[in-house]
Amino acid sequence: MSNRSGQWQQVCCSEELPAGCAREFIVDGVPGFVLRQRSQLVAYRNQCPHQSLQLNWRPNEFLSADRNHIVCGNHGAIFDWQSGACIGGICQGSALTPWPVRELSGHIEVAGQTP
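Keep in mind that this is a model prediction, so the values were computed, not measured.

Visitor: When you look at the overall build of the protein chain in this model, what are you seeing that I'm missing?
Guide: When you go through the protein chain residue by residue, the secondary structure sums to zero helices and nine strands. Going from the N terminus to the C terminus, the protein chain shows its helices and strands as β-β-β-β-β-β-β-β-β. Against the compact-globule benchmark of 13 Å for 115 residues, the protein chain has a radius of gyration of 13 Å, which places it among compact chains. Considering only C-alpha atoms, the protein chain reaches an extent of 35 × 25 × 20 Å along its principal axes. Going through the 115 residues of the protein chain one by one, you find that 41% of them count as buried. Restricting to contacts in the protein chain with at least 6 residues of sequence separation, those with at least 24 account for 48%. Summed over all atoms, the accessible surface of the protein chain reaches about 5,900 Å², with 46% contributed by carbon and sulfur. For the protein chain, the separation between the mean place of its 8 positive charges and that of its 9 negative charges on side chains is 1 Å.

Pasting the structure below:
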């Protein structure tokens, strides 16, 4: 995607993100992911606060087996999906970097300015 800092950029269609699923994206050269849980959307920078490694263990796979937490595929740290706070593992007290997200006209969009 092009660099349009400050503007909203589409990262996927709404229908591509059912509840309990996540989708990776790259905006302004920075990897992120968007997650829909129940009727809420959240987006975070795809970077573990422990060693700055990407979180997913496979493409678009960020969630625990019960789909209730974000899990770092490298260290097993567990994050609250709503706040991004580390609630278990090596980086307790840290949090994921949130990314502004919205749903508009059948698309999921994130702010173009990187968090």
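Visitor: Can you walk me through the pairing of strand E4 (residues 40-45) in this structure?
Guide: Each regular strand displays side chains that alternate between the two surfaces of the sheet. Alignment of strand E3 (residues 30-37) against E4, held across six bridges, turns out to be antiparallel. Note on E4: the bridge partner recorded for Gln-37 is Gln-40. Linking E3 back to E4 in an antiparallel pair, the connection comprises two residues, with Arg-38 at a positive phi of about 55 degrees.

Visitor: Any chance you could explain the environment of Val-71 here in plain terms?
Guide: Assignment of secondary structure puts Val-71 in strand E5 (residues 69-71). For the pair Val-71 and Leu-53, spaced 18 residues apart in sequence, the C-alpha separation works out to 12 Å. Those residues in contact with Val-71 that lie beyond four places of it in its chain are Leu-55, Phe-62, Leu-63, Ser-64, Gly-76 and Ala-77.

Visitor: Would you mind showing me how to read the environment of Pro-31 here?
Guide: As for its position among the elements, Pro-31 is in strand E3. The sequence separation of Pro-31 and Trp-81 amounts to 50 residues, and the corresponding C-alpha distance is 17 Å. Residues contacting Pro-31, with those up to four places away along its chain left out, are Phe-25, Ile-26, Arg-45, Asn-46, Gln-54 and Trp-99.

Visitor: Please clarify how the side chain of Asn-46 should be interpreted in this entry.
Guide: Here Asn-46 shows up in the loop between E4 and E5. A relative accessible area of 2% places Asn-46 in the buried class. Each residue touching Asn-46, except ones within four places of it in the same chain, is listed here: Glu-24, Pro-31, Gly-32, Phe-33, Leu-53, Gln-54, Leu-55, Asn-56 and Phe-62.

Visitor: When you look at the sheet that holds strand E6 (residues 78-80) in this model, what are you seeing that I'm missing?
Guide: Two modes of strand pairing occur in sheets, parallel and antiparallel, and in both the strands are linked by backbone hydrogen bonds. The antiparallel open sheet is built from three strands, whose spatial order is E5-E6-E7. In this open sheet, the two strands that pair with only one neighbour each are E5 and strand E7 (86-88). Recorded for the sheet is a direction-independent mean angle of 40 degrees between the axes of neighbouring strands. By the bridge criterion, three bridges tie E5 to E6 in an arrangement that is antiparallel.

What counts and how
Residues numbered from 1 in each chain as written. Predicted model: local features only at pLDDT ≥ 70, side-chain atom pairs only at ≥ 80, totals over all residues. Heavy atoms only, no water. Helix = DSSP H or I, 4+ residues; strand = E, 2+ residues; numbered from the N terminus. Rg over C-alpha atoms; globule rule 2.2 N^0.38 Å. Buried < 20%, exposed > 50% of the residue type's maximum accessible area, 1.4 Å probe, protein only. Contact = heavy atoms within 4.5 Å. Areas by Shrake-Rupley, 256 points an atom, 1.4 Å probe, with all protein chains shown as cover. Lys, Arg positive; Asp, Glu negative; His and termini not counted. Charge placed at Lys NZ, Arg CZ, Asp CG, Glu CD. Pairing = 2+ DSSP bridges. Axes fitted to C-alpha atoms, helices over the stretch in contact; angles between N-to-C directions.

No statement about biological role is implied by the geometric values presented.
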